[in-house]
Amino acid sequence: MLPEPKPHLTPEEYLALDRAAEERSEYLDGEMFAMSGGSREHTVIAINLARELSGQLRHRPCDTYGSDMRVWVEATGLYTYPDLSVVCAEPLLGPDGRRDILRNPTLLIEVLSPSSEAYDRGKKFEHYRAIPSFREYLLVAQDSPTIDRFLRQESGIWLYSTARGLEAEVELSSIGARLALSEVYAKISFE
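As the structure is a computational prediction, the values presented were derived from the model and not from experiment.

Between side chains of opposite charge, a pair can form as their charged atoms come close. Under the counting rule described, the total for this entry stands at 15 salt bridges. Note that Asp 120 is salt-bridged to Lys 124, the shortest N-O span being 3.8 Å. One exposure class covers both Asp 120 and Lys 124, and it is buried. One salt bridge connects Lys 123 with Glu 126, and the closest N-O pair in it is separated by 3.6 Å.

Here it is as structure tokens:
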């Protein structure tokens with residue numbers, strides 16, 4: 001017996017289903033993809049990141065959003081939920097008038113999970129690069145104090161760097177902030 005083909009959804013159908021669902025899903029090319037839950041470490045790291053960035057940006061024209069803010073990559077049609085988004089401009093929200101879609105992030109952050117790391121580093125980053133306002137991407141490890149940073153240069157080339165160790169810091173030049181890895185990984189222990 002052949003498996004049932006998945007129904008092809010329009011973006012509007014996806015948004016209606018996702019907004020009504022208890023669990024979030026990504027959308028691309030007519031298909032919804034359920035997102036898995038995160039570990040304790042994933043959650044703590046994401047909250048630490050949000051706290052650090054929100055605190056540094058509170059008196060600046062930047063907004064920090066957690067994983068409940070959907071990001072739409074208009075050029076490719078991907079709807080997704082980054083772990084953290086920062087926009088340092090007037091937020092461009094969804095075309096349907098709802099305030100749950102961001103179209104112009106400056107910085108996107110993913111806390112890596114074993115099940116999503118390859119996607120976050122590869123295809124997802126490829127989609128994100130199609131966002132004109134997108135300038136900086138952080139991939140934050142859960143199993144070691146390591147942050148990989150990608151920064152778009154004026155030429156369009158992406159510059160890669162890595163910060164390792166609890167004494168390291170990451171300069172976020174796209175938003176004028178710094179992250180101390182000791183704060184990002186507060187309350188996380190490594191074996």
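As a further point, take the nonpolar core. Note that soluble globular proteins tend to have their nonpolar side chains buried in a common cluster. Counting residues in hydrophobic clusters, the biggest one holds 27 residues, and the most contacted among them are Leu 49, Leu 53, Leu 138, Val 140, Leu 172 and Tyr 185. Broken down by secondary-structure element, the contributors of at least two residues to this core are helix H2 (40-57), strand S6 (84-87), strand S8 (107-111), strand S9 (136-140), strand S12 (169-172), strand S13 (177-180) and helix H5 (181-184). Those residues in contact with Leu 53 that lie beyond four places of it in its chain are Thr 64, Leu 84, Val 86, Leu 107, Ile 109, Leu 172, Ile 175, Ala 177 and Leu 179.

With that settled, consider the sheet that holds strand S10 (residues 146-152). Sheet architecture is open: 6 strands sit in the order S3-S6-S8-S9-S10-S11, paired in mixed fashion. Each of the sheet's edge strands pairs with one partner strand only, and the pair in question is strand S3 (63-65) and strand S11 (158-164). When the angles between neighbouring strand axes are averaged without regard to direction, this sheet yields 15°. As defined by bridge partners, S9 adjoins S10 across 5 bridges and the pair is classed as antiparallel. Across the sheet, residue Glu 136 finds its bridge partner in S10, namely Leu 151.

For the coordinates displayed, the defined rule picks out 15 aromatic pairs. Both rings, one in Tyr 14 and one in Tyr 79, keep their centres 5.3 Å apart while their planes meet at 45°; by these two values the pair is tilted. Placement of Tyr 14 in helix H1 (residues 11-20) and of Tyr 79 in strand S5 (residues 78-80) is noted, with a sequence separation of 65 residues between them. You'll find Tyr 14 and Tyr 79 in the same group, each marked buried. Ring plane angle 40° and centroid distance 5.2 Å describe the contact between Phe 134 and Trp 158, whose orientation is recorded as tilted. A residue pair is termed long-range when its members are at least 10 positions apart, and Phe 134 in the loop between helix H4 (123-128) and S9 and Trp 158 in strand S11 qualify at 24 residues. Ring pairs connect the aromatic residues Phe 125, Tyr 128, Phe 134, Tyr 137, Phe 150, Trp 158 and Tyr 160, which therefore count as one cluster. If you follow Arg 129 out to its NZ or CZ, it ends over the ring of Phe 125, 4.6 Å from the centre.

Considering only enclosed or pocket space, the largest pocket measures out at about 550 Å³ in volume. In terms of lining residues, the largest pocket is bounded by 26 residues, among which Arg 24, Met 35, Ser 36, His 42 and Asp 83 are the most central. Secondary structure elements with two or more residues in the lining of the largest pocket: strand S2 (31-34), H2, S8 and helix H3 (117-121). Element by element, the count of residues in the lining of the largest pocket is highest for H2, at 5 residues. When its residues are assigned to classes, the lining of the largest pocket shows 10 nonpolar, 10 polar and 6 charged.

The next thing to look at is the environment of Leu 181. With respect to the helices and strands, the residue Leu 181 is situated in helix H5. For Leu 181, a relative accessible area of 0% gives the class buried. In this structure the C-alpha to C-alpha distance between Leu 181 and Ala 163, which are 18 residues apart in sequence, comes to 8.1 Å. In contact with Leu 181, other than residues within four places in its own chain, are Pro 145, Thr 146, Ile 147, Ala 163, Arg 164, Gly 165, Leu 166, Ala 168, Glu 169 and Val 170.

Attention shifts here to the pairing of S11. Pairing of S10 with S11, which is carried by 7 bridges, proceeds in the antiparallel orientation. Paired with Leu 151 across the two strands is Leu 159, which belongs to S11. Taking the residues that link successive antiparallel strands as the turn, the S10-S11 hairpin has 5 residues, and the phi of Gly 156 there is positive, at about 95°.

Basis of the calculations
Residues numbered from 1 in each chain as written. Predicted model: local features only at pLDDT ≥ 70, side-chain atom pairs only at ≥ 80, totals over all residues. Heavy atoms only, no water. Salt bridge = Lys/Arg side-chain N within 4 Å of Asp/Glu carboxyl O. Buried < 20%, exposed > 50% of the residue type's maximum accessible area, 1.4 Å probe, protein only. Core = buried A, V, L, I, M, F, W, Y, C linked by side-chain atoms within 4.5 Å. Helix = DSSP H or I, 4+ residues; strand = E, 2+ residues; numbered from the N terminus. Contact = heavy atoms within 4.5 Å. Pairing = 2+ DSSP bridges. Axes fitted to C-alpha atoms, helices over the stretch in contact; angles between N-to-C directions. Phe/Tyr/Trp six-rings, centres within 6.5 Å; stacked < 30°, edge-to-face > 60°. Lys NZ or Arg CZ within 6 Å of the ring centre and 35° of its normal. 1 Å grid on protein atoms, 1.4 Å probe; cavity = no way out; pocket = protein on both sides within 12 Å on 5 of 7 lines; lining within 4 Å. Points joined across faces, edges and corners; volume = space filled by probe spheres on them. Nonpolar A, V, L, I, M, F, W, Y, C, P; charged D, E, K, R; others polar.

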